[in-house]
Amino acid sequence: MSKVKSVLNPSRGELLDLLEEGLITRSLIVIFARCKVHYDGRAKSELGSGDRVVMVKPDGTFLVHQKEKREPVNWQPPGSFISFHVEDDSVVIRSLRKKPREILEVELEDVYMAAIFRAEDYEALALTGSEAEMLEMLFNNPELIEPGFRALAKEKDIGRGIVDLLGRDSGGNLVVVELKRRKADLHAVSQLKRYVEALRKENENVRGILVAPSITEGAKKLLEKEGLEFRAIKPPKREKRGWGRQTTLF
């Protein structure tokens, strides 16, 4: 059985047969078409006629993409119920989400190509170089931050937010560590400052350390002005030996 079946400029009958087969076999359905889009749910919206890519996934995800931008112009999440019917001279694909109740309908006016793909993919994405892995690395290797540093808690809720890593230095001072897997900016400094100020209400001596591969010039100046510190540390990468176990995607 072929993994992919496609039809160029399908007739209405061919399109209906392909849609039915795609839904029955839980295939990925992709349609290049001129269409209108109608949404009724938490609000109402109408998208006039235009050339778009319509995608239906086996888990009920329903996406409508325009020719530009990354995000779909309309979409329904996994778990939505997909159906189709003929209305006047057009085939309409309908997605129903029950809670909250939302209906998304795509009225196919002119279909240029329709395809179904019996995709087999059982792998989960293994992210590396993430802040979670970075946090794990520093928690298990606190000396990377500075000699004598002791890690006390990961992802500690302090009321004003979640501190990535909380610890104490060799002098017994409380240390707030904020992690960023990419270049740290002004927002990261402001976030660290907020956490430090919150903890200083109950602790006399609190240091703040921003950890990232690099830092913007503006963020560096603000960090120094606020009496905070920076450590240049890169997220872990997979190696043949060592603690890292995954190939970085970044």
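Counting starts from 1 at the beginning of each chain's written sequence and moves along it residue by residue. It should be noted that, the model being predicted, local features are given only for residues of pLDDT at least 70 and side-chain atom pairs only at 80 or more, the latter also being counted only at that level, while totals for whole chains, interfaces and linings use all residues. Calculated side-chain values reflect all of the structure's heavy atoms, with hydrogen atoms and water omitted.

**Q** I tried to follow the side chain of glutamine 191 on my own but got confused; where do I start?
**A** Helix and strand assignments come from DSSP, with helices taken as H or I runs of at least 4 residues and strands as E runs of at least 2, each series counted from the N terminus. Note that glutamine 191 resides in helix α3 (residues 186–199). Any pair of N or O atoms that falls within 3.5 Å is considered a polar contact. Within protein, one atom must be able to donate a hydrogen and the other to accept it, and sequence-neighbouring residues count only if both atoms are side-chain atoms. Side-chain polar atoms of glutamine 191 contact the side chain of lysine 180, separated by 3.1 Å. Polar contacts involving the side chain of glutamine 191 include one to the side chain of tyrosine 195, which spans 3.1 Å. Any two residues whose heavy atoms approach within 4.5 Å at even a single point are treated as in contact. Those residues within four positions of glutamine 191 in sequence are excluded, and the remaining contacts are Glu178 and Lys180.

**Q** How should the side chain of serine 90 be read in this particular structure?
**A** Inspection of the secondary structure puts serine 90 in strand β7 (residues 90–97). Categorising residues by exposure relies on relative accessible area from a 1.4 Å probe, with only protein chains included: less than 20% of the type maximum marks a residue as buried, more than 50% marks it as exposed, and the intermediate range marks it as partly exposed. For serine 90, a relative accessible area of 8% gives the class buried.

**Q** For this particular structure, what's the right way to read the environment of lysine 154?
**A** Its location among the elements puts lysine 154 in strand β9 (residues 150–157). Considered as a pair, lysine 154 and leucine 165 are 11 residues apart in the sequence and their alpha carbons are 4.7 Å apart. Sequence-distant contacts of lysine 154, that is, excluding residues within four places in its chain, are made with Leu135, Glu136, Phe139, Val163, Asp164 and Leu165. At 3.0 Å, the side chain of lysine 154 and the side chain of glutamate 136 are in polar contact.

**Q** Got a minute to help me understand unusual backbone geometry in this structure?
**A** Phi is mostly negative for residues that are not glycine, and the peptide bonds are mostly trans. In the segment running from lysine 99 into proline 100, the intervening peptide bond is cis, with an omega of -10 degrees. Within the secondary structure layout, proline 100 lies in the loop between β7 and β8 (102–117). Of note, the phi angle at aspartate 88 is positive, near 55 degrees, even though the residue is not glycine. With respect to the element layout, aspartate 88 can be found in the loop between β6 (81–87) and β7. Judged by its relative accessible area of 70%, aspartate 88 is exposed.

**Q** So what exactly am I meant to see when it comes to the nonpolar core here?
**A** The tendency in soluble globular proteins is for nonpolar side chains to be buried as a group. Within this scheme, the nonpolar core is defined by two criteria: the residues are buried Ala, Val, Leu, Ile, Met, Phe, Trp, Tyr or Cys, and they are joined through side-chain atoms within 4.5 Å. Judged by nonpolar contacts, the single largest core of 23 residues is most densely connected at Ile31, Phe62, Val106 and Leu108. Elements that contribute at least two residues to this core include exactly α1 (12–24), β2 (28–40), β3 (44–56), β4 (62–65), β7 and β8. For valine 106, the residues in contact, after removing those within four places along its chain, are Cys35, Lys36, Val37, Val54, Phe62, Val64, Val91, Val92 and Ile93.

**Q** Hey, could you run me through α3 in this one?
**A** An α-helix turns once every 3.6 residues. As a result, residues three or four positions apart point the same way. A helix is expected to reach a length of 1.5 Å times the quantity of its residues less one. The end-to-end C-alpha separation of α3 is 20 Å, in line with the 20 Å expected for 14 residues at 1.5 Å each. Three or more residues of α3 are buried, namely Ala188, Val189, Gln191, Leu192, Tyr195, Val196, Ala198 and Leu199. In this fold, the buried residues of α3 make contact with β10 (162–168), β11 (174–179), β12 (206–212) and α4 (217–225). Between the side-chain oxygen of the N-cap and the backbone nitrogen of histidine 187 there are 3.2 Å, and the N-cap of α3 in question is aspartate 185.

**Q** I keep staring at the pattern of salt bridges and nothing clicks. Help me out?
**A** We count a salt bridge whenever a side-chain nitrogen from Lys or Arg sits within 4 Å of a carboxyl oxygen from Asp or Glu. In the structure shown here, the tally under the stated rule is 18 salt bridges. Salt-bridge contacts for arginine 42 lead to glutamate 102; the nearest nitrogen and oxygen are separated by 3.0 Å. On the criterion of sequence distance, the pair formed by arginine 42 in the loop between β2 and β3 and glutamate 102 in strand β8 is long-range, its members being 60 residues apart. We classify glutamate 102 as buried; its relative accessible area is 2%. For glutamate 226, the salt bridge goes to lysine 193, with nearest N and O atoms at 3.4 Å.

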